[in-house]
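Structural characterization, general
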Amino acid sequence: EGMKNFYRVESIYIRPGNLVTLEALYGLNDLQFLALWNNSQWEFKRFEALRFFMNLRYLGVDLANAVSADFIPLEALPRLKELGIGSAITWNSIEFLRELPRLRFLYLGVPKVDFSPLQSLHYLADFRLYAPALNDIKLLGDIPNLQWLGIEAKSLTSLDGLERYPGLQHLEIKHSSI
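A short tour of the structure in this document, coming up. Fair warning: this is a prediction, and the values are worked out from it, not measured in the lab.

1. A closer look at the side chain of Asp 126
Position of Asp 126 relative to the elements: it lies in strand β6 (residues 126-130). Contact partners of Asp 126, with chain neighbours within four places excluded, come to Arg 104, Phe 105, Leu 106, Leu 146 and Trp 148.

2. Focus on the environment of Lys 154
Following the sequence through the fold, Lys 154 ends up in the loop between β7 (148-152) and β8 (170-174). A relative accessible area of 55% places Lys 154 in the exposed class. Taking the C-alpha atoms as reference points, Lys 154 and Ile 178, separated by 24 residues in sequence, lie 9.1 Å from one another. Those residues in contact with Lys 154 that lie beyond four places of it in its chain are Pro 132, His 175, Ser 176 and Ser 177.

3. Side note on the pattern of salt bridges
Within the structure shown, the criterion is met by four salt bridges. Notably, a salt bridge pairs Asp 126 with Arg 128, separated by 2.6 Å at the nearest N-O pair. Asp 126 gets classed as buried once you look at its relative accessible area, which sits at 16%. A residue is classified by how much of its surface remains accessible, and Arg 128, at 24% relative accessible area, is partly exposed. Here Lys 174 makes a salt bridge to Glu 172, at a shortest N to O gap of 3.7 Å.

4. Brief notes about the sheet that holds β7
The strand order across the open sheet formed by eight strands is β1-β2-β3-β4-β5-β6-β7-β8, and the pairing between neighbours is parallel. What marks the edges here is a single partner per strand, and that holds for β1 (11-14) and β8. Here the average twist between neighbouring strands, direction ignored, is 5°. Bridge analysis of β7 against β8 gives five bridges, and the strand direction is parallel. Across the sheet, the residue bridging to Ile 151 is Ile 173, located in β8.

Reading the values: the criteria
Note on numbering: residues in each chain are counted from 1, in written sequence order. Where totals are concerned, whole chains, interfaces and linings use all residues; where local detail is concerned, this predicted model gives features only for residues with pLDDT of at least 70, and gives and counts side-chain atom pairs only at 80 or more. The basis for every side-chain value is the complete set of heavy atoms in the structure, and neither hydrogens nor water enter the calculation. Helix and strand assignments come from DSSP, with helices taken as H or I runs of at least 4 residues and strands as E runs of at least 2, each series counted from the N terminus. Any two residues having at least one pair of non-hydrogen atoms within 4.5 Å are treated as being in contact. For every residue, the accessible area (1.4 Å probe, protein chains only) is compared with the maximum for its type, and the residue is labelled buried under 20%, exposed over 50%, or partly exposed between those bounds. Note on definitions: salt bridges are taken to be side-chain nitrogens of Lys or Arg within 4 Å of carboxyl oxygens of Asp or Glu. Between any two strands, at least two bridges found by DSSP are needed for them to pair. Structural elements are reduced to axes, namely lines fitted to C-alpha atoms, with helices fitted over the stretch in contact, and the angle between N-to-C directions of any two is expressed from 0 to 180 degrees.

Next up, the structure:
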């Protein structure tokens, strides 16, 4: 039966967890917030199961060995505005972000990647990045509506490039070499 008796639940936070399937969550049509942090057992990786959560506004996940293509089904979620993808993910591309232009908040934990897909996120106002290999803010490109930028990057040595974000109101730099 899972959570069917709790059909009005709007928010679920599981951390750490051993969730293997989302079947227990089916029927939660009002679900808006789903956080599955530190979830080492989630083997299905792909997000087709989320297509039932049409009201989902926030998704936060840590997935080991996920690849960019695993995230493509997220484009079918019309209300998804906030996405958090933890640093346990190993990949070399964030191309899937081009299919999520409605995002307003993004947390990424990534190795060094091509950040050009960020430029398709026209509504992105809040961007938090954990990228130890990032050494130049200019690599992030133009993000026109950015108001909040948080970067944790050991290799970052300069703040050059911040002029690209004229609407920036909050800046948080952690563990850098500045």
